[in-house]
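If you want the building blocks of each chain, they are given just below.
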Amino acid sequence: MTPAWQRTPLTISGSNDRLAWQREGLYFNAFGAFLRRQFGGRIQRVSLDAGFTCPNVDGAVARGGCNFCDNRSFSPSRRVRLKRVSEQLDSGIITVRRRYKNVSGFLAYFQPATNTYAPVDQLEEVFRLAIGQHPDIVGLAIGTRPDCVPESVLSLVEGLAREHYVSLEYGMQTMHQPGLDWMNRAHNHEHMINAIDRSRGRGFECCVHIILGIPGETHEMMMQTADEVSRLGFDAIKLHNLYAVQGTKLGDEVSSGKIKMMEQDTYVNTVVDFLERIPPTTVVERISGDAPPKYLIAPQWCLDKSTLKLQIEAEFDRRGTRQGSHYVAPEIDPDLRPRPADNTPQSIRDQIDVRGRLPVLKIESTN
């Protein structure tokens, strides 16, 4: 029997299924409603940490990591002693069920660090373990970088997507090189173009993560990133406000007054401007980001996600617009873009296209 999620295509096709949000009176193609249509009930993500690192941490392409990143603030799993994936899933499901009523299923979400940066046979082991851990797990979400998906990884994800819902989440952040350099991402936008053009049409969801409010980026530059997201044809998008947490270079610069975070009103208007340029078929998985209060330095307004969502919806209502109102279709349909050769850096490929095991990955033991 065809899995429920496969009965509606997950690729951008302009189908009525991906435009159902308009008939429902929503302002944008919200992720929660999309998942309910796919699976027939409420689906929640369970954050997992398998112990991955990043190539801009271990020296493969750089050291120091992203200047905003402290994984304790991004993922609950990094705030406690790291347990094996199966234990994280079991405890995460229990926690979610206590918090929410009528949860129909779960996505195993490999969230912190770069979750395709390990030997590919070990990646398959940990991903299949997560999918098979609990009967209510309906699929995977895998966060990664655009320079960490050689063909071996994409083939693995494609195989998993034949039987399960799988979302591969790319940290694009911005299309502009000065912003990428400021963050110490140690990849360029050409890596993102190459990755999405090799990922599209393989049966899994391609999600892009964007940060708004990067120092030095003007409103025009952020809208250029919006247009680029539309041109490249992602299935889903996550929008985050830049925020500063303790223990990071960015946090130190914000605390000293060197860098200021975007104001709430500016962020609300920027999100609406951004989503107006995004195809109406693109699923919006997030419209803001936050961190635990004990780690967050600024902006404090991001802690009130409910109010922020209401303000974004109110701005759409005031304008009389919604997602896609100002979308301009690209000259070349994304589905017709040619699949390029793999440009994964050799230093990263050497960590993935090898047989072996990373002992830090929390798969089999709790040690």
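Structure: see above.
Since the model is a prediction, treat every value here as computed from it, not as a measurement.

(A) How the structure looks around the overall build of the protein. When its secondary structure is counted, the protein shows 13 helices and nine strands. Buried positions account for 56% of the 367 residues belonging to the protein. Restricting to contacts in the protein with at least 6 residues of sequence separation, those with at least 24 account for 83%. In the structure as shown, the protein presents an accessible area of about 15,500 Å², 49% of it carried by carbon and sulfur atoms.

(B) Local environment of the side chain of Asn67. By the element assignment, Asn67 lies in the loop between β1 (42-48) and α3 (71-74). When sequence neighbours within four positions are dropped, the list of residues in contact with Asn67 reads Trp182, Met183, Thr248, Lys249 and Leu250.

(C) Structural view of the sheet that holds β1. In spatial order, the strands read β1-β2-β3-β4-β5-β6-β8; together these seven strands make up an open sheet with parallel pairing. A single partner strand is all that each edge strand has here, and the edge strands are β1 and β8 (283-286). The sheet shows a mean angle of 25 degrees between the axes of neighbouring strands, taken without regard to direction. Contacting β1, β2 (103-110) and β3 (137-144), helix α5 (residues 120-132) crosses the sheet at an angle of about 145 degrees to β3. Along the sheet face, helix α11 (residues 264-276) touches β5 (205-212), β6 (236-241) and β8 and points at about 165 degrees away from the line of β6.

(D) Highlighting the side chain of Asp70. The topology assignment puts Asp70 in the loop between β1 and α3. Asp70 gets classed as buried once you look at its relative accessible area, which sits at 11%. Each residue touching Asp70, except ones within four places of it in the same chain, is listed here: Val245, Gln246 and Thr248.

(E) How the structure looks around the packing of helix α9 (residues 219-232) against α11. For the pair α9 and α11, the least separation of the axes is 9 Å and the interaxial angle reads 35 degrees. Seen from above, α9 lies across α11 with right-handed handedness. Contact residues: His219, Met222, Met223, Thr225 and Ala226 in α9; Thr270, Asp273 and Phe274 in α11. Of the residues contributing to the contact of α9 with α11, the split by class is four nonpolar, three polar and one charged.

(F) Here's a closer look at the pattern of salt bridges. Following the criterion strictly, the structure yields 24 salt bridges and no others. A salt bridge links Glu285 to Arg45, with the nearest nitrogen and oxygen atoms 3.4 Å apart. Residue Glu285 is located in strand β8, and its partner Arg45 is located in strand β1; the two are separated by 240 residues in the primary sequence. A salt bridge links Arg231 to Glu228, with the nearest nitrogen and oxygen atoms 2.7 Å apart. In this pair, Arg231 and Glu228 are both assigned in helix α9, three residues apart and thus about one turn of the helix distant. The structure contains a network of salt bridges with shared partners spanning Glu151, Glu158, Arg198, Arg202, Asp342, Arg349 and Asp353.

(G) A look at α11. A rise of 1.5 Å per residue sets the reference length of α11, with its 13 residues, at 18 Å; its end C-alpha atoms lie 18 Å apart and thus fit the reference within 8%. Of all 13 residues making up α11, 10 are buried, and the element is well covered by its neighbours. Those residues of α11 lying buried are Gln264, Tyr267, Val268, Thr270, Val271, Val272, Asp273, Phe274, Leu275 and Glu276. Those residues of α11 that are buried lie in contact with β5, α9, β6, β8 and α12 (305-319).

(H) Summary view of the nonpolar core. Counting 77 residues, the largest nonpolar core has Phe110 and Leu140 as the members making the most contacts within it. Beyond its immediate stretch of four places on either side in the chain, Phe110 contacts Leu48, Ala50, Phe52, Val85, Asn115, Val126, Phe127, Ala130, Leu140, Ala141, Ile142 and Gly143. Counting 13 residues, the second-largest nonpolar core is a separate cluster that includes Leu180, Met183, Ala244 and Val254.

(I) Focus on the pairing of β3. Among the eight residues in β3, seven count as buried, and that is most of the element. One ladder, built from five bridges, connects β2 with β3; its direction is parallel. When the sheet's bridge partners are listed, Phe106 is paired in β3 with Ile137. Of the crossover connections in this fold, the one passing from β2 over α5 to the parallel β3 is right-handed. Pairing between β3 and strand β4 (residues 165-173): six bridges, direction parallel. Paired with Thr144 across the bridge in β4 is Tyr170.

Quick notes on the rules
Residues numbered from 1 in each chain as written. Predicted model: local features only at pLDDT ≥ 70, side-chain atom pairs only at ≥ 80, totals over all residues. Heavy atoms only, no water. Helix = DSSP H or I, 4+ residues; strand = E, 2+ residues; numbered from the N terminus. Buried < 20%, exposed > 50% of the residue type's maximum accessible area, 1.4 Å probe, protein only. Contact = heavy atoms within 4.5 Å. Areas by Shrake-Rupley, 256 points an atom, 1.4 Å probe, with all protein chains shown as cover. Pairing = 2+ DSSP bridges. Axes fitted to C-alpha atoms, helices over the stretch in contact; angles between N-to-C directions. Left-handed = near helix turned anticlockwise from the far one by under 90°. Nonpolar A, V, L, I, M, F, W, Y, C, P; charged D, E, K, R; others polar. Salt bridge = Lys/Arg side-chain N within 4 Å of Asp/Glu carboxyl O. Expected span 1.5 Å × (residues − 1). Core = buried A, V, L, I, M, F, W, Y, C linked by side-chain atoms within 4.5 Å. Right-handed = clockwise from strand over helix to strand, strands pointing away.

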